[in-house]
Structure formats: C-alpha cells, structure tokens
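# Secondary and tertiary structure notes
In case you want the letters, here they are:
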Amino acid sequence: MTIKAFDPTRRTNAHAIADLAQLGIIGDVVLDMTHNQGRFWRAWQPAQLVRSDLNREMPIDVQADARHLPFGGGCFDTVVFDPPYKANGAGGSVAEDAGYGVADGWTDRGPLFRDGLAEALRVCKPKGSLIVKFQDQIAGGKMTLQSVVIANAMQGQADPIGQVHVLTTREQPSGRRQATPRNNYSTMTAWRKRNVR
C-alpha cells in the first residue's frame, strides 16, 4: 500500500481515508457515492474506485443521486458517503457553501442521511465497510446531532468500527456573532455491515 506523505499539522479528508486504509478498513472495490471533486482520494486510492455524484460536471464514472443508486445489492467492499451535511441556521449560507452543495437555508439534513445510508447499506457487501462523513453542529442556536441520525439508520444493520476526525479551517462568518460552542472538526465513522441471513 502506497500512501503519499503529508504535513501532519494539516490533516485533511484524504489523510483520514489513508489512515482507515492503512488499518485495513477499506476494501479493494470502493464506491464513493458522493465523489464531488475527489478530495478523499488524494493520498491513497483503492484497487478499484467507482466515482458517483449527482453533478455530472464532476470527475465521475456514474451520474446518480446517492438516494437512488443504479447498482445491484452487495456490489462493493466499501461504500463512502459524504453528503452535504452543513446545517445553515437563521443566517443562511455563506459564499463558500456553494462548493459543498449547501448554499441553501435547509437545516435538517436527516432525510438525506437516512435515504443515502439505506442505499449505502444496500450496495455494500455483507461484512463490508461503510465510511460516513458528518459533523455534529449548532445552527440557528439548535444542536443537530447527525451522529445520532446515522447511528439510528445503522441500528441492527451495521456495527461501528471507529472514528477519525478532521479539523476544519472555516472561521466564524464575518459579521456574525458566535453565541454557542462550535465544533472545529468533522468526523468519519467506519461501520461494518452485518452478515444478516
């Protein structure tokens, strides 16, 4: 396994994926169901990577909505799901949100997580792994625990393996007062799909 060297003071999504790969959590045939620009795969790549995204202008193999994938059941050793997860509170979005698919006023990303995770579980092989990226966060003064939404969606179908965190570099938007604690990291949780008979 070849992993590109990186600056340990600047941990990115790609480094988190490389860490999971080095631990043997990521299999050979991987579906990235929300590929976007492919930032996850800049330090390491699996033997076979299928790149899917809703946006056909991205460097992808398949254009598909993560909630309705065009693959049969149990096709992939590992499925990676990184949906637009930033919750926009009363202040709405900021300019840099557009590149992450969250330039809207929507704060409840729960349905997207639930529907996407159902598809991720469907196309993942039994005993395969699922990698889910999210952030527990406060928006509009309200705490949103995406970790709970994910855990509930996985209940009885997959077991947690572990987590890696990625520090964010985004600052509090200018002109907005920070009134609550702010998580300065996002999380990738690895899951093992159960071999349900």
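Right above here is the structure, for reference.
What comes next concerns the included structure. Computed from a prediction, not measured in an experiment: that's the story for all the values here. (Residues numbered from 1 in each chain as written. Predicted model: local features only at pLDDT ≥ 70, side-chain atom pairs only at ≥ 80, totals over all residues. Heavy atoms only, no water.)

Attention now goes to the sheet that holds strand E9 (residues 185–193). Within a sheet, neighbouring strands are paired by backbone hydrogen bonds and run either parallel or antiparallel to one another. Pairing within the open sheet is mixed, and its seven strands lie in the order E3-E2-E1-E4-E5-E9-E8. Lying at the two open borders of the sheet, with one neighbouring strand each, are strand E3 (62–63) and strand E8 (158–167). Against the sheet, helix H1 (residues 13–22) touches strand E5 (124–134), E8 and E9, its axis set at about 30° to E9. Set on the sheet, helix H3 (residues 146–154) makes contact with E5, E8 and E9; between it and E5 the angle comes to about 170°. (Pairing = 2+ DSSP bridges. Helix = DSSP H or I, 4+ residues; strand = E, 2+ residues; numbered from the N terminus. Contact = heavy atoms within 4.5 Å. Axes fitted to C-alpha atoms, helices over the stretch in contact; angles between N-to-C directions.)

A grouping of Ile 138, Met 143, Leu 145 and Val 148 is seen on the molecular surface, where their side chains present a nonpolar patch of about 310 Å² in accessible area. Position of Met 143 among the secondary structure elements: in strand E7 (residues 142–144). Relative accessible area serves as the criterion here: at 41%, Met 143 is assigned to the partly exposed category. (Patch = residues over 30% accessible without salt bridge, like charges linked within 9 Å, V, L, I, M, F, W, Y side chains within 5 Å. Areas by Shrake-Rupley, 256 points an atom, 1.4 Å probe, with all protein chains shown as cover. Salt bridge = Lys/Arg side-chain N within 4 Å of Asp/Glu carboxyl O. Buried < 20%, exposed > 50% of the residue type's maximum accessible area, 1.4 Å probe, protein only.)

Of all ten residues in H1, eight are buried, a share of seventy percent or more. Among the residues of H1, Asn 13, Ala 14, His 15, Ala 16, Ile 17, Ala 18, Leu 20 and Ala 21 are the ones counted as buried. On its buried face, H1 is in contact with E5, E8 and E9. Sitting at the head of H1, Thr 12 places a side-chain oxygen 3.3 Å from the backbone nitrogen of Ala 14. (Polar contact = N/O pair within 3.5 Å; in protein donor to acceptor, adjacent residues only side chain to side chain.)

This next bit is on the side chain of Thr 34. Summarising the element assignment, Thr 34 is placed in the loop between strand E1 (29–32) and strand E2 (48–53). A polar contact of 2.7 Å, which involves the side chain of Thr 34, links it to the backbone nitrogen of Asp 82. Here Thr 34 is in contact with Ser 52, Asp 53, Ala 66, Val 80, Phe 81, Asp 82 and Pro 83, once residues within four sequence places are set aside.

Honestly, it's all geometry; don't read function into it.
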